[in-house]
Amino acid sequence: MNDDLMLATACEVAAKIGARAVVSFVDLIPVPPGAPDVPIIRVQELQLDVLKDLTMHDILEVSERHMMDAAIHIYLRRNLESGLVVGVFPYAIIIYDIEEGKNFINLKDFSDIVPREVLHAVLTLALEIAVEGREGRSIGTAFIIGDPEEIFRHSHQAILNPYQGQPAALRDIKNKNNWESVKEFAQLDGVFVIDKSGEIRSAGRYLDVTGRGISLPGGLGGRHRATASITYAIPAIGITVSESGGMVRVFRDGICKIGIRSDIRIRSDG
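Residues numbered from 1 in each chain as written. Predicted model: local features only at pLDDT ≥ 70, side-chain atom pairs only at ≥ 80, totals over all residues. Heavy atoms only, no water.

## Considerations on the overall build of the protein
Thinking step 1. Counting secondary structure elements, the protein contains 8 helices and 12 strands.
Thinking step 2. Taking all 270 residues of the protein together, the buried fraction comes to 49%.
Thinking step 3. The contacts of the protein with a sequence gap of at least 6 include a subset with a gap of at least 24, amounting to 63%.
Thinking step 4. When the accessible surface of the protein is split by element, carbon and sulfur atoms take 49% of a total near 12,500 Å². (Helix = DSSP H or I, 4+ residues; strand = E, 2+ residues; numbered from the N terminus. Buried < 20%, exposed > 50% of the residue type's maximum accessible area, 1.4 Å probe, protein only. Contact = heavy atoms within 4.5 Å. Areas by Shrake-Rupley, 256 points an atom, 1.4 Å probe, with all protein chains shown as cover.)

## What to know about the sheet that holds strand β5 (residues 141-146)
Thinking step 1. Judged by pairing direction, the sheet is mixed, and its 7 strands sit side by side in the order β6-β8-β7-β5-β9-β10-β11 without closing on themselves. Because the sheet does not close on itself, it has two edges, and the strands there are β6 (155-157) and β11 (255-260). Neighbour-to-neighbour, the strand axes of the sheet open up by a mean angle of 30°, direction not taken into account.
Thinking step 2. In terms of strand pairing, β5 meets strand β9 (residues 236-241) through 6 bridges, oriented antiparallel. When the sheet's bridge partners are listed, Phe 143 is paired in β9 with Ile 239.
Thinking step 3. The sheet contacts of helix α8 (residues 222-233) involve β5, β8 (200-207), β9 and β10 (248-252), and relative to β9 the element is tilted by about 170°. (Pairing = 2+ DSSP bridges. Axes fitted to C-alpha atoms, helices over the stretch in contact; angles between N-to-C directions.)

## Some remarks on the side chain of Asp 195
Thinking step 1. Relative to the assigned elements, Asp 195 resides in the loop between β7 (191-194) and β8.
Thinking step 2. Of the polar contacts made by the side chain of Asp 195, one reaches the side chain of Ser 197; its length is 2.7 Å.
Thinking step 3. In this structure the side chain of Asp 195 is engaged in a polar contact, spanning 2.9 Å, whose partner is the backbone nitrogen of Glu 199.
Thinking step 4. Filtering out sequence-adjacent residues up to four positions away, Asp 195 remains in contact with Val 118, Ile 145, Gly 146, Pro 148 and Arg 201. (Polar contact = N/O pair within 3.5 Å; in protein donor to acceptor, adjacent residues only side chain to side chain.)

## A short note on the pattern of salt bridges
Where side chains of opposite charge bring their charged atoms close, a pairing between them can arise.
Thinking step 1. The final tally for this structure, using the stated rule, is 8 salt bridges.
Thinking step 2. Between Arg 201 and Asp 195 there is a salt bridge, with the nearest N and O atoms lying 3.6 Å from each other.
Thinking step 3. The closest approach of N and O atoms between Arg 252 and Asp 253, which form a salt bridge, is 3.4 Å.
Thinking step 4. Note on Arg 252: relative accessible area 13%, which makes it buried.
Thinking step 5. Through salt bridges with shared partners, one network takes in Asp 112, Arg 252 and Asp 253. (Salt bridge = Lys/Arg side-chain N within 4 Å of Asp/Glu carboxyl O.)

## Here we look at unusual backbone geometry
Thinking step 1. Despite not being glycine, Asp 253 shows a phi value in the positive range, around 55°.
Thinking step 2. Tracing the sequence through the fold places Asp 253 in the loop between β10 and β11.

## Focus: the nonpolar core
What tends to happen in soluble globular proteins is that the nonpolar side chains get buried as a cluster.
Thinking step 1. Leu 119, Leu 123, Phe 143, Ile 239 and Val 248 are the most contacted members of the largest nonpolar core, which totals 36 residues.
Thinking step 2. Ranked by residue count, the leading element in this core is helix α4 (residues 116-132), at 10 residues. (Core = buried A, V, L, I, M, F, W, Y, C linked by side-chain atoms within 4.5 Å.)

## Considering the pairing of β9
Thinking step 1. A large share of β9 lies buried, amounting to 6 of its 6 residues.
Thinking step 2. Side chains Ala 236, Gly 238 and Thr 240 of β9 all project onto a buried face; the interleaved residues Ile 237, Ile 239 and Val 241 project onto the opposite face, where all are buried too.
Thinking step 3. As paired strands, β9 and β10 are joined by 4 bridges and run antiparallel to one another. Among the inter-strand pairings, Val 241 is bridged to a residue of β10, identified as Val 248.
Thinking step 4. Hairpin connection, β9 to β10: the antiparallel pair is bridged by 6 residues, and Gly 245 has positive phi, about 95°.

In structure tokens:
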């Protein structure tokens, strides 16, 4: 079955079950003529050609994993929190409940430390940094969210704080107009400190933590260990962007609670 027929079939299925959208993993082709008017979210830059060498069981397993990753991005970027979506792959059509992806990153699990809207903003910004990098190169950074005075007691300023003395409106991370400056300062060594209201209190700060009691998967470096350590030492949420691989990770209580891939690109046609 070719891609345009798969996409047309997925649109028909979506219309019949009242799905919120079609999530398309097939080549970027025009919407087939006469297809039901269902929003299509395109997923780009995934290496799906490897699927052709797998069994159908393995294909479905990989496809479901891709759908979960896509559902997380849809939740963060399109604010679709519930309902069904239809995923269309070169070899399969999958009906997926957005709640499954959303619950994987249930922001309420962190609301006793950080309000949901603040965590949502920082996660979305972190994904943009992971995807875009800066000046054609990948960059890594970290955001520590919590009581700034507690965080300051476990860290020191390595450079002049670029946010010192800036108006509160220019330090609000919930305001997307401020993200460009954050992306620029993300090239600096050190971490961002953000208070519970979403105000950026500092950039370029070094964490003074030992790492005792922290166990991380292999391959994670000093930034991840320091971030995990401070969330173990005090009530704080840490979000890291990996320079290699572009993974965005969320830490609490010294543990990586969430890992989000950044190699998924989504855009909406409807």
